[in-house]
Amino acid sequence: MRKSEKNAILQKVAFWNDEKLESEYYKAVYDSLGSQTDRMYDLGYDMRDIIEREKTEKFNCEYADLLGFICEQRGIVLWKDKKKE
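Side note on the confidence of the model for the chain
Alright, step 1. Looking at the chain, pLDDT values average 90 and 95% of them are 70 or higher.
Alright, step 2. At the low end of the mean pLDDT range in the chain sits helix 3 (residues 37–42), at 90; at the high end sits helix 4 (residues 47–74), at 93.

Details of unusual backbone geometry
Alright, step 1. Positive phi, normally seen in glycine, also occurs at Trp-79, with a value near 60°.
Alright, step 2. Following the sequence through the fold, Trp-79 ends up in the segment after helix 4.
Alright, step 3. According to the relative accessible area criterion, Trp-79 is partly exposed, its value standing at 33%.

Thoughts on the side chain of Thr-37
Alright, step 1. Position of Thr-37 relative to the elements: it lies in helix 3.
Alright, step 2. What makes Thr-37 buried here is its relative accessible area of 8%.
Alright, step 3. A polar side-chain atom of Thr-37 sits 3.0 Å from a polar atom in the side chain of Ser-35.

Notes on the packing of aromatic side chains
Alright, step 1. Under the defined criterion, the tally for this structure stands at four aromatic pairs.
Alright, step 2. Centre to centre, the rings of Tyr-25 and Trp-79 are 6.1 Å apart; their planes meet at 75°, and the pair counts as edge-to-face. One end of the pair, Tyr-25, is in helix 2 (residues 18–32); the other, Trp-79, is in the segment after helix 4, and 54 residues separate them in sequence.
Alright, step 3. Look at Tyr-25 and you get buried, because its relative accessible area is 12%.
Alright, step 4. Joined through ring pairs, the aromatic side chains of Tyr-25, Tyr-26 and Trp-79 make up one cluster.
Alright, step 5. When the ring centre of Trp-16 is taken as origin, the NZ or CZ atom of Lys-20, which lies over that ring, is 4.8 Å away.

Concerning the pattern of salt bridges
A pair can form between side chains of opposite charge whenever their charged atoms are brought close.
Alright, step 1. In the structure shown here, the tally under the stated rule is eight salt bridges.
Alright, step 2. One salt bridge in this structure joins Asp-31 and Lys-27, with 3.1 Å as the shortest N-O distance. A residue pair is termed a helical-turn pair when its members lie 3 or 4 positions apart in one helix, as Asp-31 and Lys-27 do in helix 2 at four residues.
Alright, step 3. Since its relative accessible area comes to 46%, Lys-27 is described here as partly exposed.

Conventions used here
Residues numbered from 1 in each chain as written. Predicted model: local features only at pLDDT ≥ 70, side-chain atom pairs only at ≥ 80, totals over all residues. Heavy atoms only, no water. pLDDT = per-residue confidence, 0-100. Helix = DSSP H or I, 4+ residues; strand = E, 2+ residues; numbered from the N terminus. Buried < 20%, exposed > 50% of the residue type's maximum accessible area, 1.4 Å probe, protein only. Polar contact = N/O pair within 3.5 Å; in protein donor to acceptor, adjacent residues only side chain to side chain. Phe/Tyr/Trp six-rings, centres within 6.5 Å; stacked < 30°, edge-to-face > 60°. Lys NZ or Arg CZ within 6 Å of the ring centre and 35° of its normal. Salt bridge = Lys/Arg side-chain N within 4 Å of Asp/Glu carboxyl O.

In structure tokens form, the structure reads like this:
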């Protein structure tokens, strides 16, 4: 992720309330799960398409990580209903 992309995301989420930020974090994590590139390779997709998909998947992971970091900075406890008390 380029610095300009990161800054644009930071500016966008600065005005989100905690509930929206947490919701978007979970959505981003879900979107970043799994990879389709191996399957694309097996199916004979063009290498340009596979490389583009890898870039997209990398961006999705970095986006989820960035949202997670922002949540931590705001004191939002993530996965609270998933943790054992």
